[in-house]
Amino acid sequence: MPSGRRTRRKLHFSKIYSFRCGRAAFRQDHSQIGGPGFSRVVYCNEPDCFEAGIRNYASNYVQSTKYTLTTFFPKSLFEQFRRVANFYFLVTGILAFTKLAPYSAVSAILPLIIVVGATMVKEGIEDWQRKQQDIEVNNRKVRVHRGRGVFEPTEWKNLRVGDIVKVEKDEFFPADLLLLSSSYDDAVCYVETMNLDGETNLKLKQSPEVTSNLHDDGGFGNFKAVVKCEDPNANLYAFVGSMEFEQQQYPLSPQQLLLRDSKLRNTDYVYGAVIFTGQDTKVRQNSTDPPSKRSRIERKMDKIIYLLFFILFLLAFIGSIIFGLITKDDLKNGTMKRWYLRPDDSTNFFDPKNAPLAAIYHFLTAIMLFSYFIPISLYVSIEIVKVLQSMFINRDIHMYYEEADKPAHARTSNLNEELGQVDTILSDKTGTLTCNSMEFIKCSIGGTAYGRGVTEVEKAIGRMKGSPLAIDKTNGFGQLISPNPTTKGFNFSDERIMNGNWVSEVHSDVIQRFFRVLALCHTAIPEVDEDTGKVSYEAESPDEAAFVIAAREIGFEFYQRTQTSITLRELDTKTGKRVERVYQLLSVIEFNSARKRMSVIVRDDEGKLLLLCKGADSIISERLSKNGREFEVETVEHVNEYADAGLRTLLLAYRELEEGEYEKFSEKFNIAKSSVSADRDAMMDEATEMIERDLILLGATAVEDKLQNGVPDCIDKLAQAGIKIWVLTGDKMETAINIGFACSLLRQGMKQIIIGLDAPEIQALEKAGDKSSISKASKESVIRQINEGISLLSSSLGSSDAFALIIDGKSLAYALEDDVKNIFLKLALGCASVICCRSSPKQKALVTRLVKSGTGKTTLAIGDGANDVGMLQEADIGIGISGVEGMQAVMSSDIAIAQFRYLERLLLVHGHWCYRRITTMICYFFYKNIVFGFSLFLYEIYTSFSGQPAYNDWFLSLYNVFFTSLPAIALGVFDQDVSARFCLKFPILYQEGAQNMLFSWFRILSWMFNGFLSAVIVFFFCMKALEHQAFNSDGKVVGLEILGGTMYTCIVWVVNLQMALSISYFTLIQHAFIWGSIGFWYLFLVVYGIMSPSFSTTAYKVFVEALAPAPSYWLVSLFTMMAALVPYFTYSAIQTRFFPMYHEMIQWIRHGGQSDDAEFCEMVRQRSLRPTTVGHSARLVAKRAARVRHGQDGSDHRE
């Protein structure tokens, strides 16, 4: 900003400033503009011109709905009939309109309409809710320039590319806008991007300098400009373009782009030109559908459906062959065997002269008749159950994080049962296992270590070693001594440099420069409380906030930032008084993951040009000058100690610059920043390399990212449940290892297999710089180390040794190559814990894919940052932590929780319950349909495969929908084999899901066999008890309607009582559904029976006049239902008594009166602890085993 320009008072109050390096002259050829991917041309303030009209850009209307009014029915029906079962029922429903049908067409179609209609209604309601949101967004108002400096309110949906809009404070941006000016003279604004990336910190944006003077509506009356830029794309953080204004070209960058759905904050208004609209905006370009995930249970259920289809077609085929043979023999020598079918005067359906055709017709009839083997209501019932299960997860008070007001949130209900089958957890570290709330705790300055605090990792290591370290430096109650424990981000204690005492230190000048670097080298924004005068900071990361807070607490208070300066309040060593010093801010060279460092160039009050730099130790060390390494040995030693203590470290350095050197850099850097060519990044790196060199080392910072509450206990419980835990982190190996010890993933006595590329021969090749030789040698080294690890595992088979695999990012790149990844996985699976250090986001996703595909078991990934999105989407289940790194992980996840510790309850309680409920419910569905289907088949045999159903048409249709489905849904929502307390007390119970014990083929086929037995018992008991004898006192014998009614009654009782036997936890709702379904059957019999005979047909008054008055009906029903349940009851009793499953053992503890038997409970619980398990429980077990071995060795020695 020119020095002569008047700064508005509001600018002073809002503390919103930018950096001079944000503006640059346009001096580079537009090598990309106009080429592929860079063809967009925007005529600002001329949306109606001919050139703009022919480009046919997207409107600003956005649509997030899946359907429209015209496409709802066709698309929704297509989605429904993609399911093979629904398509099958559609075909049989169509065939029901032919003479082949064994039942009426209406009774066949109605259940299908109910099931498909219910699902379509659900889809329609969900889409209507999305439609309402779209209407609200599209009808928001924004002020648009209509000519002559007049701005009028217009709906968002009517915006066009090129429109000039005025957005006011706290309003959302209606499209992607080019910032032209703001209410501030220097044309900066403050933007909140929470809706885009979830980040709560505010971003600074700045307009091109040439338009920054357009401060009022009237200034846009004659404004014209042409913008040429990149085509629509999904990159939120990139924008390449140029603006032609008054016949001059000006470069554009992401600094000038305001993205749709972000919000204007702390700025009265901004003017902007619409660049991208509607579906072309970057936020809409990012709105891709997440990968479709289906649980293993659902995929297996499809196979069972196919098995039932095979059984159905097999029975129809066998029956048709037998029917054809019988039909062929119906008429021989004028003698009619089945005279009632009139084979001498028959149609094609029973014509002995055309038996093959009759068999084919019968096959089609049988296909329709046996359709009741397929549970038509299964899919819709499961959807209902999963939605209700998700509601219970969302409302679990034990997973509600009160501090942040964040409950658990199941973003999809498709994977509920998958939560009970997790074999491997792949976890991020920072922000997931740790808090991502950084505290400045230690530092090394001028070769001297400062900070007397004890980290959580040091405490854990002290406890592990039995050392008094964990208490020595605390107040005796386990609490860290801190000068000001209420200061967030600062947990530092050292009287040598606190309270101004640093001036007495030997290297006080180094200490002064060190904290000046912390106070100046950042992009934080100060906020001054008008009442108290206390300064707080808006920083882009927790680390940066901790640094400026530490500088403030030591006495170097960052107080004010303008576009061109930073003001500190610091101690003057000459006068001993606190003074204000203004540093002129010349350039900011920002931090990124490739550079791993950040620098600022300032001019101090003495006129010296200073480059201040902070960055990773490996990056800064190689940029030190020869005379800048005075403290390097001591500093590196301290950095290693800090890493051992689980701290995150950065090195701080500086250098003085010559005026000519800075001018050369500034010119080259500005050219690079304004470039729109493909090699822009390379040009910027070249410019920074020329000045970020010959640095003088000052020291190192160490900040602690503490473990979240409950992490060690959660990991211990998950390990006891048999779940493997891998940590994938970007931190260095030493930090990751010590965090592993702190959270009990590692323990003493656990053998560490460390794979790295720090061998001397590799380092020698790296210095030589031969890339092909480095790659070849590195890969060979990784393969050799992996094979050595596998050999070590093989030699330890049968022993209780536990192994941990630790691998760095460079080695991991080779380990994930196609010809190496299988042996790497073999080694990793043999280890109790795996830690991958320095992992990139892509490597995290590749490791997750390897574990998922290589083991074939369920994987769960958990993370909190944008760098975890890949692995969350790659895993079977993605869990997002709604922490401080933004919401991108949450938005890409299947389930969101606020803290890692809630994973324990989510998996061990809800996961186990959902898995058991869904699997039992599915098995029961198949059981009840096989009972019903086989009873039809047995009656088909009895009637010589005539195609005559045993039951009335409406009995057939309503069996699945009304008489048997509701109890199954209640089981799927409410049943509990074990209470939540016992699920957590006995984590081994989780292995029932992990090993899929409740949905194995043996268990599925057992349920099916039970259904077959029940059908046989019901059919033959009813048949033999009722045939050839009087049914009532009038001497009437049994007809089809009485036999069918009796069999149907027995089946309704049997399948509902079977449900009652399967339930472990009765609620009032389950009682109501089970007994209500049975009662509804009798009510239906009465009501349906009194309807017109043309409608009720064989059921006309059958209950009132025939069944109810006959004692034999009630006796047969009673004895049949008892007999049908005996096989299941007998099997269940024997299995529970002699071969109990985990949940049955725990039920015995609970209901058998042994809950107070400590010895029995411990015996059951210890079944989950194995020598290779991680967690503090396994650590104690290992210690006991070591003591036992030590005692035995001692006794052997004495002998």
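Analysis parameters
Residues numbered from 1 in each chain as written. Predicted model: local features only at pLDDT ≥ 70, side-chain atom pairs only at ≥ 80, totals over all residues. Heavy atoms only, no water. UniProt positions renumbered as here; feature names shortened; annotations may be inferred. Helix = DSSP H or I, 4+ residues; strand = E, 2+ residues; numbered from the N terminus. Buried < 20%, exposed > 50% of the residue type's maximum accessible area, 1.4 Å probe, protein only. Contact = heavy atoms within 4.5 Å. Areas by Shrake-Rupley, 256 points an atom, 1.4 Å probe, with all protein chains shown as cover. Pairing = 2+ DSSP bridges. Core = buried A, V, L, I, M, F, W, Y, C linked by side-chain atoms within 4.5 Å. Salt bridge = Lys/Arg side-chain N within 4 Å of Asp/Glu carboxyl O. Patch = residues over 30% accessible without salt bridge, like charges linked within 9 Å, V, L, I, M, F, W, Y side chains within 5 Å. Lys, Arg positive; Asp, Glu negative; His and termini not counted. Charge placed at Lys NZ, Arg CZ, Asp CG, Glu CD. 1 Å grid on protein atoms, 1.4 Å probe; cavity = no way out; pocket = protein on both sides within 12 Å on 5 of 7 lines; lining within 4 Å. Points joined across faces, edges and corners; volume = space filled by probe spheres on them. Axes fitted to C-alpha atoms, helices over the stretch in contact; angles between N-to-C directions. Parallel < 35°, antiparallel > 145°, perpendicular 65-115°, else oblique. Phe/Tyr/Trp six-rings, centres within 6.5 Å; stacked < 30°, edge-to-face > 60°. Lys NZ or Arg CZ within 6 Å of the ring centre and 35° of its normal. Disulfide = S-S within 2.5 Å. pLDDT = per-residue confidence, 0-100. Arc of directions from axis to C-beta.

The name an unreviewed UniProt entry assigns to the protein is Phospholipid-transporting ATPase, from the organism Trapa incisa. The UniProt entry for the protein carries this comment under Subcellular location (unreviewed entry): "Membrane". Of the protein, the UniProt comment under Catalytic activity (unreviewed entry) reads exactly: "ATP + H2O + phospholipidSide 1 = ADP + phosphate + phospholipidSide 2."

Across its full length, the protein holds 41 helices and 35 strands. Burial analysis of the protein (1199 residues in total) assigns 55% to the buried set. Considering only intrachain contacts with a sequence separation of at least 6, the fraction spanning at least 24 residues in the protein is 74%. Surface accessibility of the protein: about 51,300 Å² in total, with carbon and sulfur atoms responsible for 55%.

Here the focus is the environment of Lys 577. Of note, Lys 577 is situated in the loop between β23 (565-571) and β24 (578-589). Overall, Lys 577 belongs to the exposed group, its relative accessible area being 58%. With residues near it in sequence (within four places) discarded, Lys 577 still touches Glu 570, Leu 571 and Asp 572.

Burial of strand β8 (residues 225-229) is extensive: four of the five residues sit out of reach of the surface. Strand direction decides the pairing type here: strand β1 (residues 40-44) and β8, joined by five bridges, are antiparallel. Residue pairing across strands places Arg 40 opposite Cys 229, the latter belonging to β8. Relative to strand β9 (residues 241-245), β8 runs antiparallel, the two being bridged by four bridges. By the bridge assignment for β9, Lys 228 is matched with Ser 242.

Once that is clear, we can look at the nonpolar core. If you look at the biggest cluster of nonpolar residues, it comprises 116 residues, and the most contacted ones within it are Tyr 951 and Trp 1081. For this core, the element with the most residues is helix α28 (residues 902-942), which contributes 17 residues. Ignoring sequence-local partners within four residues, the contact set of Tyr 951 consists of Phe 932, Ser 935, Leu 936, Leu 956, Gly 1044, Met 1047, Tyr 1048 and Ile 1051. In this structure, Tyr 401, Ala 742, Leu 745 and Tyr 990 belong to the second largest nonpolar core, which totals 52 residues.

A full pass over the atoms with the stated rule returns 51 salt bridges. Several salt bridges share partner residues, and in doing so they unite Arg 516, Glu 570, Asp 572, Arg 581 and Asp 605 into one network.

A cluster of acidic side chains, namely Glu 630, Glu 634, Glu 637, Glu 641, Asp 644 and Glu 734, defines a negative patch on the protein surface. The element best represented in the negative patch is helix α16 (residues 632-644), accounting for four residues. Secondary-structure assignment places Glu 637 in helix α16.

To find leftover empty space, one rolls a probe the size of a water molecule over the atoms. Counting across every chain of the model gives two cavities of 30 Å³ or more. The computed volume of the largest cavity comes to approximately 130 Å³. Lining the largest cavity we find 14 residues, and of these Phe 89, Ala 108, Ser 371, Tyr 372 and Ile 376 sit closest to its centre. Among the elements of the structure, α4 (84-95), α5 (105-138) and α29 (953-963) are those that each provide at least two residues to the lining of the largest cavity.

Let us now look at the packing of helix α8 (residues 296-328) against α28. In the contact formed by α8 and α28, the axes pass within 12 Å of each other and the chain directions differ by 5°. In terms of orientation, α8 lies roughly parallel with respect to α28. Seen from α8, the contacting residues are Ile 297, Met 301, Ile 304, Ile 305, Leu 308 and Leu 315; seen from α28, they are Tyr 915, Ile 918, Thr 919, Ile 922, Phe 926, Ile 930, Phe 934 and Phe 937.

This part takes up the packing of aromatic side chains. In this structure the tally under the stated criterion is 61 aromatic pairs. On the numbers, 5.6 Å between centres and 80° between planes, the contact of Phe 963 with Trp 1081 is edge-to-face. Taken as a pair, Phe 963 in helix α29 and Trp 1081 in helix α35 (residues 1068-1089) lie far apart in primary sequence, 118 residues in all. Like Phe 963, the residue Trp 1081 is buried in the burial classification. An angle of 75° between the planes, with centres 4.9 Å apart, marks the rings of Tyr 1113 and Trp 1114 as edge-to-face. Taking the ring centre of Tyr 57 as reference, the NZ or CZ of Arg 40 above it sits at 4.0 Å. One cation-aromatic arrangement involves Arg 1137 over Phe 1138; the distance from NZ or CZ to the ring centre is 5.5 Å.

What follows is about the environment of Ile 374. You can see Ile 374 is positioned in the loop between α9 (355-369) and α10 (378-394). Among the residues examined, Ile 374 registers a relative accessible area of 0% and is labelled buried.

Backbone geometry at Asn 56 places phi at a positive 50°, although glycine is not the residue there. By the element assignment, Asn 56 lies in the loop between α2 (50-53) and α3 (72-81). Given the relative accessible area of 67%, Asn 56 is considered exposed. One non-glycine residue, Asp 405, adopts positive backbone phi at about 55°. Relative to the assigned elements, Asp 405 resides in the loop between α10 and β16 (409-410).

Below, the discussion takes up the sheet that holds strand β3 (residues 151-155). What the six strands build is an open sheet, ordered β3-β2-β4-β13-β5-β11; its pairing is antiparallel. Two strands close off the open sheet at either side, each with one partner strand: β3 and β11 (257-258).

What the rule picks out here adds up to zero disulfides. Left without a disulfide partner, Cys 837 is nearest to the cysteine sulfur of Cys 836, which lies 7.4 Å away.

On to the confidence of the model for the protein. Detailed reading of the predicted coordinates is not advisable wherever pLDDT falls low. In the predicted model, the protein carries a mean pLDDT of 83, and 86% of its residues have values of at least 70. Taken as a whole, residues 1-31 scores under 50 in pLDDT and shows 94 contacts with residues more than four places along the chain or in a different chain. Here residues 469-485 is modelled with pLDDT under 50, and outside its nearest four sequence neighbours on either side it reaches 28 contacts, counting other chains as well.

A contiguous nonpolar surface patch, about 830 Å² in accessible area, is contributed by Val 106, Leu 110, Ile 113, Ile 114, Phe 962, Phe 1080, Leu 1083, Val 1087, Met 1091 and Phe 1095. Put simply, the parts of the chain that give the nonpolar patch at least two residues each are α5 and α35. Per-element accounting of the nonpolar patch gives the leading share, four residues, to α5. Summarising the element assignment, Phe 1080 is placed in helix α35.

Bringing the sheet that holds strand β35 (residues 895-897) into the picture now. If you trace the nine strands from one edge of the open sheet to the other, you get β16-β35-β34-β33-β17-β29-β32-β31-β30, paired in mixed fashion. Looking at which strands have only one partner, the edges of the open sheet turn out to be β16 and β30 (751-755). Alignment of β30 against strand β31 (residues 803-807), held across five bridges, turns out to be parallel. Opposite Ile 755, over in β31, you have Ile 807 as the bridge partner. Contacts between helix α25 (residues 841-855) and the sheet are confined to β17 (422-427), β29 (724-728) and β33 (858-863), with β29 contributing the most and set at about 160° to the helix. Sheet strands touched by α28: β17, β33, β34 (877-881) and β35. Its angle to β35, the strand with the most contacts, is close to 140°.

This brings us to helix α24 (residues 821-829). Every α-helical turn comprises 3.6 residues, leaving residues that sit three or four positions apart pointing alike. Within α24, the full set of buried residues consists of Phe 824, Leu 825, Leu 827 and Ala 828. Taken end-on, α24 shows its buried residues confined to a sector of 160°, consistent with a single buried face. Opposite the buried face of α24, at more than 90 degrees from it, the exposed residues are Asn 822 and Lys 826.

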